[in-house]
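This is what each chain is made of:
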Amino acid sequence: MNTIIAPSLLSANFANLENELEMINNSQADWLHVDVMDGVFVPNISFGIPIMEVLKKKCYKPLDVHLMIVQPERYITLFKDAGANILNVHYEASTHLHRTIQQIKAEGMKAAVTLNPHTTVAVLEDIICDVDMVLLMSVNPGFGGQKFIENTYNKVTQLKDLITRKNAHALIQVDGGVNLETGKKLVELGANSLVAGNFVFSADNPTETIAKLKAL
Ligand code: DX5
Ligand code: ZN
């Protein structure tokens, strides 16, 4: 399968948002990854619904929304209405994950669960068949431009094994420190989707960088 490339808006130039979105629209990006941070679940605050409303109007790619917020279940309908196509909630932030996943699907969105670097893939045993995607964090969430955590390679292998053993259909997405080198290994191990922020938006030619990731 073709790797799904999701550039992360977090590293975009917000003074030039319209141009950045035009670049995404005209690129081979499959989705736009949107990082929402509340300053509680992670030590940073990014953006919320007003920016989502802009994306909904100006971005023609599906919005892959990564919620780094506590109690994400409170905001499912709000993000649906704001244009989210895929909603990622953190395992560590969801007390009743099964219910939250069902609510996301009931709103007509794809449901994904995200694991922090310290959270073992084994916790997904009883939820893997219910989710459309698992997002493995390969940095501690909160900031773009961090160094890739090597143990993520093992986690991709473990997750792929779990999906096969359970006959599940979840996609494997990886987020943090993705570049051509880490991305290549991740795809070889079975990752279906790569999120890349800094590597895309700080490149001299972001469109070409997206194409290179797509070709991995
Ligand atoms: C980190 C975010 C990532 C971030 C990735 O908390 O979830 O999506 O933008 O940025 P890079 O690719 O620069 O590591
Ligand atoms: Zn993210």
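Residues numbered from 1 in each chain as written. Chains lettered and ligands numbered in written order. Predicted model: local features only at pLDDT ≥ 70, side-chain atom pairs only at ≥ 80, totals over all residues. Heavy atoms only, no water.

## Focus on the overall build of the protein chain
What the protein chain contains, in helices and strands, is eight helices and eight strands. Relative to a compact globule of 216 residues, whose C-alpha radius of gyration would be 17 Å, the protein chain shows 16 Å and is just as compact. The principal-axis extents of the C-alpha atoms in the protein chain amount to approximately 45 × 35 × 30 Å. In the protein chain, which comprises 216 residues, the proportion classed as buried is 51%. Intrachain contacts of the protein chain at a sequence separation of at least 6 include 65% that bridge at least 24 residues. (Helix = DSSP H or I, 4+ residues; strand = E, 2+ residues; numbered from the N terminus. Rg over C-alpha atoms; globule rule 2.2 N^0.38 Å. Buried < 20%, exposed > 50% of the residue type's maximum accessible area, 1.4 Å probe, protein only. Contact = heavy atoms within 4.5 Å.)

## Comments concerning the coordination of the zinc ion (ligand 2)
Donor atoms from the polypeptide that bind the zinc ion (ligand 2) are His33 (NE2), Asp35 (OD), His66 (ND1) and Asp175 (OD), placed at 2.0 to 2.3 Å. Of note is the zinc ion (ligand 2), whose six donor atoms meet at the metal with angles of 71 to 169° in an arrangement that counts as octahedral. Coordination of the zinc ion (ligand 2) draws on donor residues from a single chain, spaced H-x1-D-x30-H-x108-D in sequence. One end of the pair, His33, is in strand 2 (residues 32-37); the other, Asp175, is in strand 7 (residues 171-175), and 142 residues separate them in sequence. Across this residue pair, the class does not change: His33 and Asp175 are buried. (Donors = N, O, S within 2.8 Å, 3.2 Å for Na, K, Ca; no water. Tetrahedral: all angles 85-135°; square planar, octahedral: opposite > 155°, others 65-115°.)

## Quick word on the side chain of Thr114
Positionally, Thr114 belongs in strand 5 (residues 110-115). Judged by relative accessible area, which is 0%, Thr114 ranks as buried. Dropping the residues within four chain positions of it, Thr114 is found in contact with His66, Asn88, Val89, His90, Tyr91, Glu92, Leu135 and Met137.

## Remarks on the sheet that holds strand 7
Pairing in this open sheet of eight strands is parallel, and the strands run 1-8-7-6-5-4-3-2 from one edge to the other. Since the sheet does not close on itself, it has two edges, and those belong to strand 1 (4-7) and strand 2, each with one partner. Between one strand axis and the next, the sheet turns by 20° as a mean value, whatever way the strands run. With three bridges connecting them, strand 7 and strand 8 (residues 193-196) associate as parallel partners. Along strand 8, the bridge assignment pairs Asp175 with Val195. (Pairing = 2+ DSSP bridges. Axes fitted to C-alpha atoms, helices over the stretch in contact; angles between N-to-C directions.)

## Let's talk about the site of ligand 1
Ligand 1 sits among 20 residues. The nearest are Ser8, Gly142, Gly145, Asp175 and Gly197. A total of 380 Å² of accessible area belongs to ligand 1 in isolation, and the protein chains cover 99% of it. Taken together, the elements giving at least two residues each to the shell around ligand 1 come down to strand 2, strand 3 (63-68) and strand 8. The leading source of residues in the shell around ligand 1 is strand 2, at three residues. Along the lines of polarity and charge, the residues of the shell around ligand 1 split into eight nonpolar, 10 polar and two charged. (Near = heavy atom within 4 Å. Areas by Shrake-Rupley, 256 points an atom, 1.4 Å probe, with all protein chains shown as cover. Nonpolar A, V, L, I, M, F, W, Y, C, P; charged D, E, K, R; others polar.)

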